[in-house]
Amino acid sequence: MKVAVLISGRGSNLQAILKAENNKKLGNAEINLIVSSNPNAAGLEFAKNYNKYTIVLDPKNHADKTKYDSKLKSILLENNIELIVLAGFMRVLSHSFVDYFKNQIINIHPSLLPAFPGLNIHERVLDYGVKYSGCTVHFVNAEIDGGPIIAQRVVEVLDGDSPDSLAARILVKEHILLPEVIKKISEKKISVNQRRVKVN
Ligand code: GRF
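Residues numbered from 1 in each chain as written. Predicted model: local features only at pLDDT ≥ 70, side-chain atom pairs only at ≥ 80, totals over all residues. Heavy atoms only, no water.

Caption draft 1: Highlighting the overall build of the protein. A count of helices and strands for the protein gives 6 helices and 9 strands. The C-alpha atoms of the protein give 16 Å as radius of gyration, which agrees with the globular expectation for 200 residues (16 Å, within 12%). By principal-axis analysis of the C-alpha atoms, the protein measures approximately 50 × 40 × 35 Å. Looking at the protein as a whole, 46% of its 200 residues are labelled buried. Intrachain contacts of the protein at a sequence separation of at least 6 include 63% that bridge at least 24 residues. Here the protein has roughly 10,500 Å² of accessible surface; of this, 50% comes from carbon and sulfur atoms. Side-chain charges of the protein comprise 26 positive and 20 negative groups, with the mean position of each set lying 6 Å from the other. (Helix = DSSP H or I, 4+ residues; strand = E, 2+ residues; numbered from the N terminus. Rg over C-alpha atoms; globule rule 2.2 N^0.38 Å. Buried < 20%, exposed > 50% of the residue type's maximum accessible area, 1.4 Å probe, protein only. Contact = heavy atoms within 4.5 Å. Areas by Shrake-Rupley, 256 points an atom, 1.4 Å probe, with all protein chains shown as cover. Lys, Arg positive; Asp, Glu negative; His and termini not counted. Charge placed at Lys NZ, Arg CZ, Asp CG, Glu CD.)

Caption draft 2: Quick peek at the packing of aromatic side chains. Enumeration over the complete set of coordinates arrives at 3 aromatic pairs. Taking the centre distance of 5.0 Å and the plane angle of 50° together, the rings of Phe 97 and Phe 101 count as tilted. For the pair shown, Phe 97 and Phe 101 are each scored as buried. Note on Phe 116 and Tyr 128: the rings are 6.1 Å apart at their centroids and 80° apart in plane angle, and the pair reads as edge-to-face. Placement of Phe 116 in the loop between β5 (105-109) and α5 (121-128) and of Tyr 128 in helix α5 is noted, with a sequence separation of 12 residues between them. Judged by its relative accessible area of 15%, Phe 116 is buried. Site record: aromatic cluster; members linked through ring pairs are Phe 97, Tyr 100 and Phe 101. (Phe/Tyr/Trp six-rings, centres within 6.5 Å; stacked < 30°, edge-to-face > 60°.)

Caption draft 3: Structural detail: the pairing of strand β1 (residues 2-7). Most of β1 sits inside the fold, with 5 of its 6 residues counted as buried. Of the strand pairs in this sheet, β1 and strand β2 (residues 30-36) are connected by 6 bridges, and their pairing is parallel. When the sheet's bridge partners are listed, Lys 2 is paired in β2 with Glu 30. Remark: the β1/helix α1 (residues 12-22)/β2 crossover connection has right-handed handedness. Here β1 runs beside strand β4 (residues 83-86); their pairing, made up of 4 bridges, is parallel. Residue pairing across strands places Ala 4 opposite Ile 84, the latter belonging to β4. (Pairing = 2+ DSSP bridges. Right-handed = clockwise from strand over helix to strand, strands pointing away.)

Caption draft 4: The arrangement of the site of the ligand in detail. Taken together, Arg 10, Gly 11, Ser 12, Asn 13, Gly 88, Ile 108, His 109, Pro 110 and Glu 174 form the complete shell of residues around the ligand. Protein chains bury 85% of the 370 Å² of accessible surface belonging to the ligand in isolation. Class assignment for the residues of the shell around the ligand results in 2 nonpolar, 5 polar and 2 charged. (Near = heavy atom within 4 Å. Nonpolar A, V, L, I, M, F, W, Y, C, P; charged D, E, K, R; others polar.)

Caption draft 5: Examining the sheet that holds strand β3 (residues 54-56) more closely. Spatially, β3-β2-β1-β4-β5-β6-β7 is the arrangement adopted by the 7 strands of the open sheet, whose pairing is mixed. Both outer strands of the open sheet, β3 and β7 (149-156), are each paired with one neighbouring strand and no more. Between one strand axis and the next, the sheet turns by 20° as a mean value, whatever way the strands run. Two elements, strand β6 (residues 132-139) and β7, share 7 bridges in a ladder whose sense is antiparallel. (Axes fitted to C-alpha atoms, helices over the stretch in contact; angles between N-to-C directions.)

What follows is the structure in structure tokens.
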């Protein structure tokens, strides 16, 4: 299964995926392409270290969102990509793009969705006072962070937590969960019925 990973920044989830592939823990998935929306993304270093084909698609070089998304779509199609993994990709994809790749795009989000979608998650989690947070891998649909949920991991919120300390503990779980989900999808162990996702 040919996979593209889309990033915009640090790339620690990308690194976890590439490590899993290297250790033969990614099932039938092959990471064929890395796309970064940011020419200065630190994560590009990981792509380089693992000798991965990388494309920088900077929004500054595209007139508008429609042009950007159609360029991205043609790159993915030219490379026969079957699964698109958003790993800290800081762009909202257009409705037509997500409809075209229905159930072929997954995203990792650092909260227990549907709680705390969007940005500044850990600050909002701490302000609200919930006792548990975590991470979610979900299919991407037209609603931001609103697609069918594939898998979640729970992290306890501690009294002394800051947004950074909570984010760091959640990130450890993200790095395990995202490669696991990619593996399962590549082994065809995941099926979707409306909003309900079955994982075997
Ligand atoms: C992660 O916390 C992920 O859940 C969110 O963006 C962050 C990306 O981190 N969508 P990294 O670039 O993978 O280090």
